[in-house]
Amino acid sequence: MVKDPKKPKASERREDILALLKNSEKPITGSELAEEMDVSRQVIVGDVSLLKAKNEPIVATSQGYIYMTERIDTPPVERTIAVKHSPDQTEKELTILVDHGVFIKDVTVEHPVYGDLTASVLVWNRRDVQKFLDNIKETNASFLSELTDGIHMHTVAAESEEALDEAVEALKKEGILLKA
């Protein structure tokens, strides 16, 4: 195999990926990184995994990769909620939350073999909801909740307990909140 002298070594490429992520104000998709680095998306997935293994605070979100810094100021009041719904009710669930001023931090499902599986969601508003859903559709990915018959949890945050209470009540009215 003849190496392309124009392509950087893997270690240099990972440094370049890290620099791009650190300096970006918005998430960068794996495809965008792949195009920038002139490699496949799968190479980027491997590079990001190696960077994470070196304790770099990179998070994969529905909008792309982000380098976690203090720039993401989550609201002060945080809570975990348990919900159950079908995949086609996901938009309703997320929209109810963001319309009540709630930030959706992550989703967790309890897998029978792996235990708790948690993924970053990082959705703040309706635009983020749409990006999240478009990304699921474009990649033909499944929702984590499909592993657990629709049962899952979200870590959510808002500026006040009242905002969270109102959002939870709205989920309850829609039959989305998991009943105790």
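The structure contained in this document is the topic of the report that follows. In this text the structure is predicted, and so the values were computed from the model without any measurement.

1. Topic: helix H3 (residues 41-53)
- Here H3 spans 18 Å end to end across 13 residues, near enough to the 18 Å set by a 1.5 Å rise per residue.
- All buried positions along H3 are accounted for by Ile44, Asp47, Val48 and Leu51. For H3, the angular spread of the buried residues around the axis is 100°, confining them to a single face. Pointing more than 90 degrees away from the buried face of H3 are the exposed residues Gln42 and Ala53.
- Buried residues along H3 sit against helix H1 (10-23), helix H2 (30-37), strand E1 (58-61) and strand E2 (64-67).

2. Concerning the pairing of strand E5 (residues 115-123)
- Where strand E4 (residues 103-111) and E5 come together, seven bridges link them in antiparallel fashion. Bridging from a neighbouring strand, valine 107 pairs with alanine 119 of E5.
- Joining the antiparallel neighbours E4 and E5 is a turn of three residues.

3. Points about unusual backbone geometry
- One non-glycine residue, aspartate 38, lies in positive phi territory at about 60°.
- With respect to the helices, strands and loops of the structure, aspartate 38 is situated in the loop between H2 and H3.

4. So, the environment of proline 112
- The residue proline 112 is located in the loop between E4 and E5 in this model.
- As for proline 112 and threonine 148, which are separated by 36 residues in sequence, their C-alpha atoms are 9.0 Å apart.

5. Comments concerning the side chain of arginine 14
- Here arginine 14 lies in helix H1.
- Discounting chain neighbours no more than four positions away, the residues touching arginine 14 are Asp47, Leu50 and Leu51.

Parameters and conventions
Residues numbered from 1 in each chain as written. Predicted model: local features only at pLDDT ≥ 70, side-chain atom pairs only at ≥ 80, totals over all residues. Heavy atoms only, no water. Helix = DSSP H or I, 4+ residues; strand = E, 2+ residues; numbered from the N terminus. Expected span 1.5 Å × (residues − 1). Buried < 20%, exposed > 50% of the residue type's maximum accessible area, 1.4 Å probe, protein only. Arc of directions from axis to C-beta. Contact = heavy atoms within 4.5 Å. Pairing = 2+ DSSP bridges.

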